[in-house]
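Here are the chains, one letter per residue:
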Amino acid sequence: MSQNLLRPTIIAGNWKMYKTIEEAKSFVETLAPLIKRSQAAVYLAIPFTAIYSTVQCLKELKSSLVLGAQNMNDATEGAFTGEIAATMLKEAGAQFVILGHSERRHVFHEDDALIHRKVRRALMEDLQPLLCIGETLEQREKDEVERVLSHQLRSALADLSPEEISRMIFAYEPVWAIGTGKVATPDEAQSAHALCRSILREIAGSEIAEKVVIQYGGSVKPENATDILSLEDIDGLLIGGASLSVETFSQILSLANKVRSKALKKMDVTT
Ligand code: PGA
């Protein structure tokens, strides 16, 4: 099986609570020249404090690297100590925002209703939501993968139009694979992705479901990136730990480019 070329490949890094402004700038200065000809789009979700200066740095470098945030509040503004609004992220230069990450769901107890409100707010402010979904190990062992993914998708996307859904990115991240070194087998990953796509088909129609990007996330490294990216319904990666080093992250990017070129060549031969 190989990638579906109707969809772009998007490789995203999620830095979590790592890197200062200076570290972020020096990271993108090293990365930008390496991805000039990348066929895969490159996204980085970085700490709030580093967004503005890193965006300025990318403008000077004329880089297509897309910068975003890892969370936001669902309100426009208000007395919410310590929170950040979508408009503030946009003003700083963020183009996308990760929502519903498992650490937000499980460590900070964000529920589906809140994630839904955040998705709506991000779309309203023209900030691209990168919505994470995924089951825990306990849910997988109880054979609840389908129920959990369906519930997470349906509640996050409730009342959204197909057009709004088409502006989003999705990431399937099995909670048991995040930061643990455990990776879903190709069969587990492909079947969860196909399941997400079929749920999206029911929610938004076939045309949109075929076009949206569904990334895989959870302990992705250069050693497993090619196998994961070669699967039919996997259109990119959301990378935590391995996105913190330019060497490792750019290694994964070059593997993603190879997978895409191989799929393009295959398409040339068969058409
Ligand atoms: P990991 O994190 O690659 O370190 O497992 C993935 C994520 O949290 O998005």
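Our structure's up above, just so we're on the same page.
What counts and what doesn't
- Residues numbered from 1 in each chain as written.
- Predicted model: local features only at pLDDT ≥ 70, side-chain atom pairs only at ≥ 80, totals over all residues.
- Heavy atoms only, no water.
- Core = buried A, V, L, I, M, F, W, Y, C linked by side-chain atoms within 4.5 Å.
- Buried < 20%, exposed > 50% of the residue type's maximum accessible area, 1.4 Å probe, protein only.
- Contact = heavy atoms within 4.5 Å.
- Helix = DSSP H or I, 4+ residues; strand = E, 2+ residues; numbered from the N terminus.
- Polar contact = N/O pair within 3.5 Å; in protein donor to acceptor, adjacent residues only side chain to side chain.
- Expected span 1.5 Å × (residues − 1).
- Near = heavy atom within 4 Å.
- Nonpolar A, V, L, I, M, F, W, Y, C, P; charged D, E, K, R; others polar.
- Salt bridge = Lys/Arg side-chain N within 4 Å of Asp/Glu carboxyl O.
- Pairing = 2+ DSSP bridges.
- Axes fitted to C-alpha atoms, helices over the stretch in contact; angles between N-to-C directions.
- Parallel < 35°, antiparallel > 145°, perpendicular 65-115°, else oblique.

Colleague: So, the nonpolar core: which residues are in play, and what are the values?
Modeller: Counting 75 residues, the largest nonpolar core has Leu-131, Phe-170, Tyr-216 and Leu-237 as the members making the most contacts within it. When neighbours within four sequence positions are excluded, Leu-237 is seen to be in contact with Ile-10, Ile-11, Ala-12, Gln-215, Tyr-216, Val-220, Ala-225, Ile-228, Leu-229 and Ile-252. Ala-45, Ile-98, Leu-130 and Ala-171 belong to the second largest nonpolar core, which has 13 residues in total.

Colleague: Tell me about the side chain of Gln-70, and please be specific about residues and values.
Modeller: The topology assignment puts Gln-70 in the loop between β3 (66–69) and α3 (86–92). Look at Gln-70 and you get buried, because its relative accessible area is 17%. There is a polar contact of 3.0 Å between the side chain of Gln-70 and the backbone oxygen of Lys-16. At 3.2 Å, the side chain of Gln-70 forms a polar contact with the backbone oxygen of Ala-45. Beyond its immediate chain neighbours, meaning those up to four positions away, Gln-70 contacts Asn-14, Trp-15, Lys-16, Met-17, Ala-45, Ile-46, Pro-47, Val-97 and Ile-98.

Colleague: Can you lay out helix α9 (residues 186–204) for me, pointing to particular residues and giving the numbers?
Modeller: Two residues of an α-helix separated by three or four positions point the same way, owing to the 3.6 residues in each turn. When the terminal C-alpha atoms of α9 are compared, their 26 Å separation across 19 residues agrees well with the 27 Å that a helix rising 1.5 Å per residue should span. Where α9 is concerned, the buried positions are Ala-189, Gln-190, Ala-192, His-193, Leu-195, Cys-196, Arg-197, Ile-199, Leu-200 and Ala-204. Downstream of α9 by one or two residues, Gly-205 has phi in the positive range, about 95°.

Colleague: Describe the site of the ligand, listing the residues and the values that go with them.
Modeller: What surrounds the ligand is a group of 13 residues, the closest being Lys-16, His-101, Glu-173, Gly-179 and Ser-219. Note that an oxygen atom of the ligand is positioned 2.6 Å from one of the side-chain N or O atoms of His-101. Take Ser-219: an N or O atom from its main chain is 2.7 Å from an oxygen atom of the ligand. Considered class by class, the residues forming the shell around the ligand number 4 nonpolar, 7 polar and 2 charged.

Colleague: For the side chain of Ser-219, give the residues involved together with the corresponding values.
Modeller: Within the element layout of this structure, Ser-219 appears in the loop between β7 (214–217) and α11 (222–229). By relative accessible area, Ser-219 is classed as buried at 14%. Only 2.6 Å separates the side chain of Ser-219 from the backbone oxygen of Ala-177, close enough to count as a polar contact. Polar contacts involving the side chain of Ser-219 include one to the main-chain amide nitrogen of Thr-180, which spans 3.5 Å. If sequence neighbours within four positions are ignored, Ser-219 has contacts with Ala-177, Gly-179, Thr-180, Gly-181, Lys-182, Val-183 and Asn-224.

Colleague: Any details on the pattern of salt bridges? Residues and values, ideally.
Modeller: Here the structure, examined in full by the defined rule, presents 21 salt bridges. One salt bridge in this structure joins Asp-235 and Arg-7, with 2.8 Å as the shortest N-O distance. Placement of the pair is Asp-235 in the loop between α11 and β8 (236–239) and Arg-7 in the segment before β1 (10–14), with a sequence separation of 228 residues. Salt-bridge contacts for Glu-163 lead to Arg-167; the nearest nitrogen and oxygen are separated by 3.0 Å.

Colleague: Break down the sheet that holds strand β4 (residues 96–99) for me, with residues and values.
Modeller: Pairing within the closed barrel is parallel, and its 8 strands lie in the order β1-β2-β3-β4-β5-β6-β7-β8. Each strand axis lies, on average, 25° off the axis of its neighbour in the sheet, ignoring direction. Where β1 and strand β2 (residues 41–45) come together, 5 bridges link them in parallel fashion. Looking at β2, one finds that Ala-12 is bridged to Tyr-43. Packing against the sheet, helix α5 (residues 112–124) makes contact with β4 and β5 (128–133), and its axis sits at approximately 160° to β5. Most of the contacts of α11 go to β8, to which it runs at about 145°, and overall it touches β1, β7 and β8.

Colleague: I'd like a rundown of the packing of α5 against helix α7 (residues 145–156), residues and numbers included.
Modeller: Direction vectors running N to C along α5 and α7 enclose 45°, while the axes themselves pass 8 Å from each other. Classified by the interaxial angle, the pair formed by α5 and α7 is oblique. Two secondary-structure elements touch here, α5 through Asp-112, Ile-115, His-116 and Val-119 and α7 through His-151, Gln-152, Ser-155 and Ala-156. Classifying every residue of the contact of α5 with α7 gives 3 nonpolar, 4 polar and 1 charged.

Colleague: Could you give an account of unusual backbone geometry, naming the residues involved and the relevant values?
Modeller: Outside of glycine, negative phi angles account for most residues, and trans bonds account for most peptide bonds. The phi dihedral of Lys-19 is positive, around 85°, even though this residue is not glycine. In this structure, Lys-19 sits in the loop between β1 and α1 (21–34). The phi dihedral of Asp-143 is positive, around 65°, even though this residue is not glycine. Within the element layout of this structure, Asp-143 appears in the loop between α6 (137–141) and α7.

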